[in-house]
Amino acid sequence: MFEGIVSPRGAALMKGSVVWDNHGCMPIPIWGKEEMLSQFQRYRDSGVSVAMINIGDAEVPLEEHFRTAAAIRYWVEAHSEDYALALTVADIQAAKRDGRLALGLNVEGARVIGNQLSLVSLFYDIGVRWMLVAYNRNNLVGGGCHDEDSGLTEYGKQVMDEMDRVGMVKCCTHTGYRTAMDVFERSELPVIFSHSNPRALCDHERNVPDDLMRACANTGGVMGINGVGIFLGDNDIRTETVLRHIDYAVNLMGPEHVGIGLDYVFDQKSLNDELAANPGVWPVELGYGPGIRFVAPEQLPELTEGMLKLGYSDDVVRGILGENFLRVADTVWK
């Protein structure tokens, strides 16, 4: 599939590895637009084994989260010859053997659960395998990266414990500095940045400073490097720019703590509409608006080849491509 795009070594690595993109975005709500789900084929064509798909963010009502999850699950079941739900590590490994794409679900921000702790286990039951603590703005659990962050709340500590109990991975992407540090210091299980970038390379509030990156690694977690232009810097989505962010994280955190979370948006018109309708969540002065560029799944073979050219070993490349996130799932999921 990749011959002519990458070297034989790179092609063999992609074919033999679990390639995990930890965050992708279909339009929400997706129900009524299920035909768009056929675009998941782009992941398959790009060599992806696992794709984690967003079912809602801080501005999406609870009902829409469930409707979106239902639509994706129903579609996967109807196309089970090519797709599977990523509910367990065994599901992912079986899908890889069968040549199917494993699709998992994520939730961007604990705001959706409100003050109802019992929703955490219900989300896990429908397939949600990681959830952000906060999405840009504060909620009952903790602070967002574009807000006055006062740290993890007492209720937030209960939510973190409940996520550990049910097996849901805790994520500090989009989360404020103090809250993220509180989560890292409290957690005995790996915590991730599902789709984030080093702030040292692009000074954006949404990006992550070095000490938080190290704190993530100290939990055994993984930082999935993001492919959004304004977080990479200057809206630059060239493969070499993504590689700079990967290499920085590798050198700071260690290669076993770095992965891929492209954050590719399959319907950018719906995104633009959402950004325009909610400037409080996505401040225009921070670059949110029409014209944001995204690294596409089709660039993953080039990223693989680029890592080899950086001198990374096959084992390191396999880890970044997906085995590091697979390790976190094997540790946390139940």
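What comes next concerns the included structure. In this text, all values refer to a predicted model and were calculated from it rather than measured experimentally. (Residues numbered from 1 in each chain as written. Predicted model: local features only at pLDDT ≥ 70, side-chain atom pairs only at ≥ 80, totals over all residues. Heavy atoms only, no water.)

1. Here's the deal with helix H12 (residues 300-309)
No. 1: For H12, the buried fraction is high: eight of the 10 residues fall into the buried class.
No. 2: By the burial criterion, the buried members of H12 are Leu300, Pro301, Leu303, Thr304, Glu305, Gly306, Met307 and Leu308.
No. 3: Against the buried residues of H12 lie helix H1 (8-16), helix H10 (239-253), strand S9 (258-260) and helix H13 (314-332). (Buried < 20%, exposed > 50% of the residue type's maximum accessible area, 1.4 Å probe, protein only. Helix = DSSP H or I, 4+ residues; strand = E, 2+ residues; numbered from the N terminus. Contact = heavy atoms within 4.5 Å.)

2. Some thoughts on the pairing of strand S5 (residues 128-132)
No. 1: Buried residues dominate S5, accounting for five of its five residues.
No. 2: What joins strand S4 (residues 101-107) to S5 is helix H5 (residues 119-125), and the crossover it makes is right-handed.
No. 3: Looking at chain direction, S5 and strand S6 (residues 169-171) are connected through three bridges and run parallel. Note that in S6 the partner of Leu132 across the bridge is Cys171.
No. 4: Once you follow S5 into helix H6 (residues 154-166) and on to S6, the crossover reads as right-handed. (Right-handed = clockwise from strand over helix to strand, strands pointing away. Pairing = 2+ DSSP bridges.)

3. A closer look at the packing of helix H8 (residues 210-218) against H10
No. 1: At their nearest, the axes of H8 and H10 sit 10 Å apart, and the two run at 65° to each other. For the crossing formed where H8 meets H10, the hand is right-handed. Along its contact with H8, which presents Asp210, Met213, Arg214, Cys216 and Ala217, the element H10 presents Tyr248, Ala249, Leu252 and Met253.
No. 2: For the contact of H8 with H10, the per-class residue count stands at seven nonpolar, no polar and two charged. (Axes fitted to C-alpha atoms, helices over the stretch in contact; angles between N-to-C directions. Left-handed = near helix turned anticlockwise from the far one by under 90°. Nonpolar A, V, L, I, M, F, W, Y, C, P; charged D, E, K, R; others polar.)

4. Section: the state of the cysteines
No. 1: The final tally for this structure, using the stated rule, is zero disulfides.
No. 2: Of all cysteine sulfurs, the one in Cys171 lies closest to Cys25, which takes part in no disulfide; the gap is 12 Å.
No. 3: Not part of a disulfide, Cys172 finds its nearest cysteine sulfur in Cys171, a span of 6.5 Å. (Disulfide = S-S within 2.5 Å.)

5. Points about the nonpolar core
No. 1: Ranked by internal contacts, the top residues of the largest apolar core, which has 117 residues, are Trp20, Phe40, Ile113, Phe123 and Ile246.
No. 2: Top element by residues in this core is H13. It accounts for eight residues.
No. 3: Leave out the neighbours within four places in its chain, and Phe123 touches Ile55, Leu62, His65, Phe66, Val107, Val112, Ile113, Val128 and Met168. (Core = buried A, V, L, I, M, F, W, Y, C linked by side-chain atoms within 4.5 Å.)

6. Comments concerning H13
No. 1: An ideal rise of 1.5 Å per residue puts 27 Å on 19 residues; H13 measures up with 25 Å between its terminal C-alpha atoms.
No. 2: The sharpest bend along H13 reaches about 65° and sits at Ile320.
No. 3: Turning to H13, its buried residues are Val317, Gly319, Ile320, Leu321, Gly322, Asn324, Phe325, Leu326, Val328, Ala329 and Val332. (Expected span 1.5 Å × (residues − 1). Bend = angle between axes of the 7 residues up to and from the residue.)

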